[in-house]
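Chain by chain, the residues run as shown.
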Amino acid sequence: MNRTFLVGIAFALIGQFSASYAESQSVSGTAVLYDPGGVTVVAPTPITGTYNTDTQHITIDPWVFFGFAVDSQIDLLSPGSYTFPGVLPINVGSGQLGGFITTTWAGNIIPHGIVWDVIPYTGGQHFEPIDSDGDGIPGQKMISGPFVGFTFVYEFDAGAPAPSIDVSINVTGGVNQQCNETGGTHIELTSTVDLNGGAELASIDWTVDGDVAGSGASITPFLSLGSHSISVTATGVSGIYDTASTNVNVFDTVKPDLAIEVVDTRTGQAVTSINGSGVSFLEVRLNSTDVCDSDVDVAGAFKPVYAVIGGEVIKIQGNNGDVTLPTTALEVSATATDNSGNEQLDQLVLPISK
Ligand SMILES: [Ca+2]
Ligand SMILES: [Ca+2]
């Protein structure tokens, strides 16, 4: 008596386990509703459900549309042609499965049809809705119920989630950066890779302006002044991949440094004043450097300054055709311009003593 009882429990347990592992797969995907013009009335909304592979029936877990629960029961259809009351003919080709769907919403019982391309992968399969009535909108439009002319599609994975890779780019310091070396900046680019559904990463490859720029989780390329397109592709061992792109702009808004130096060539020393007889030994040097531009354009002008005491009148007197003016100082002004158009101005006045 006891023995029989135990065997019975064992069978019951086996039955339960085989039901949950062999006959039932989880369903995960999205629901979309298109209006008769193909505009999405319901953007892709996450749905879950259960696929009973023995009865070929899918139950979509209730989700909410306009405040009412949507309950969809799907009888799967193997390749062939089917007609159901209130539904356009459902024609299922090879490599496809059809669905006769009964959706209950706000007290309405709505029959509709769908055909999926079924794309198998390790551990599951993807159900991709096709335009089975040829109206240019994915899915098959409804011809009965409150949404005649609308199309309702379920797209999902059944079984294990499909392997997927998602990659994104992080630019250390942001996508707009000041030039901090001659001609450009080294910029650190880092990828973030999300692997799902058992996907395994094989490689990460970068391009800058369309050219191969390295591989691995991060690279630090030199980017010249201007805008650059960056792209990274993460590839899985199964060949699936994802690509992310961004633009990085290197700019220069820093003015060049500029120093005016007046050198007495007799000593080679910079001077801050000179006596009259030394004027012909002066040489003016315009020194400019820029973080980004190694070849700054520098232009200068050199002119005499005449001291005028209040109340004096300047008279220019000719003397055998020469004109002599009492020069009291030399003034140098200069402008340095880098290749991004940033200008630095400087001025120096050198007094001349008698
Ligand atoms: Ca369609
Ligand atoms: Ca600059």
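Criteria and cut-off values
Residues numbered from 1 in each chain as written. Chains lettered and ligands numbered in written order. Predicted model: local features only at pLDDT ≥ 70, side-chain atom pairs only at ≥ 80, totals over all residues. Helix = DSSP H or I, 4+ residues; strand = E, 2+ residues; numbered from the N terminus. Buried ≥ 20, exposed ≤ 12 C-beta atoms within 10 Å, placed from the backbone. Contact = placed C-beta atoms within 7 Å. Pairing = 2+ DSSP bridges. Axes fitted to C-alpha atoms, helices over the stretch in contact; angles between N-to-C directions. Core = buried A, V, L, I, M, F, W, Y, C linked by C-beta atoms within 7 Å. pLDDT = per-residue confidence, 0-100.

1. Side note on the overall build of the protein chain
1) Next: The secondary structure content of the protein chain amounts to 1 helix and 29 strands.
2) Next: Sorting the 354 residues of the protein chain into buried and exposed places 23% on the buried side.
3) Next: In the protein chain, 56% of the contacts between residues at least 6 apart in sequence involve partners at least 24 apart.

2. Side note on the sheet that holds strand S2 (residues 40-52)
1) Next: Spatially, 8 strands are ordered S1-S2-S3-S4-S7-S8-S9-S10 in a closed barrel, and the strand pairing comes out antiparallel. Going from strand to strand, the sheet's axes swing by 30 degrees on average, the running direction of each strand aside.

3. Some details on the nonpolar core
1) Next: Ile58, Ile114 and Tyr154 are the most contacted members of the largest nonpolar core, which totals 31 residues.
2) Next: Among the secondary structure elements, those contributing two or more residues to this core are strand S1 (24-34), strand S3 (57-65), strand S4 (68-77), strand S6 (90-92), strand S7 (96-105), strand S8 (108-121) and strand S10 (151-159).
3) Next: With near-sequence residues (within four places) excluded, Tyr154 lies in contact with Gly29, Ala31, Ile47, Ile60, Ser72 and Ile114.
4) Next: Membership of the second largest hydrophobic core comes to 14 residues, among which are Ile187, Leu189, Ile230 and Val232.

4. Structural notes on unusual backbone geometry
1) Next: Here the phi dihedral of Gln56 falls at roughly 55 degrees; this positive angle occurs in a residue that is not glycine.
2) Next: One can find Gln56 in the loop between S2 and S3.
3) Next: Even without being a glycine, Asp209 presents a positive backbone phi close to 55 degrees.
4) Next: Along the chain, Asp209 turns up in the loop between strand S15 (201-208) and strand S16 (211-215).
5) Next: A residue is classified by how many C-beta atoms lie within 10 Å of it, and Asp209, with 14 of them, is partly exposed.

5. Quick look at the sheet that holds strand S22 (residues 269-270)
1) Next: Read from one edge of the open sheet, 3 strands run S22-S21-S24, paired in antiparallel fashion. Edge strands, defined here as strands with exactly one partner in the open sheet, are S22 and strand S24 (282-289).
2) Next: Across 8 bridges, strand S21 (residues 257-264) lies against S24 in antiparallel orientation. By the bridge assignment for S24, Asp264 is matched with Leu282.

6. Some points on the environment of Pro79
1) Next: On the secondary structure map, Pro79 appears in the loop between S4 and strand S5 (80-82).
2) Next: Put simply, Pro79 and Gly93 are 14 residues apart on the chain and 5.0 Å apart in space, counted from C-alpha to C-alpha.
3) Next: Residues in contact with Pro79, not counting those within four places in the same chain, are Val92, Gly93, Ser94 and Gln96.

7. Points about the confidence of the model for the protein chain
1) Next: For the protein chain, per-residue confidence averages 89 on the pLDDT scale, and 88% of positions sit at 70 or higher.
2) Next: Taken as a whole, residues 1-21 scores under 50 in pLDDT and shows 2 contacts with residues more than four places along the chain or in a different chain.

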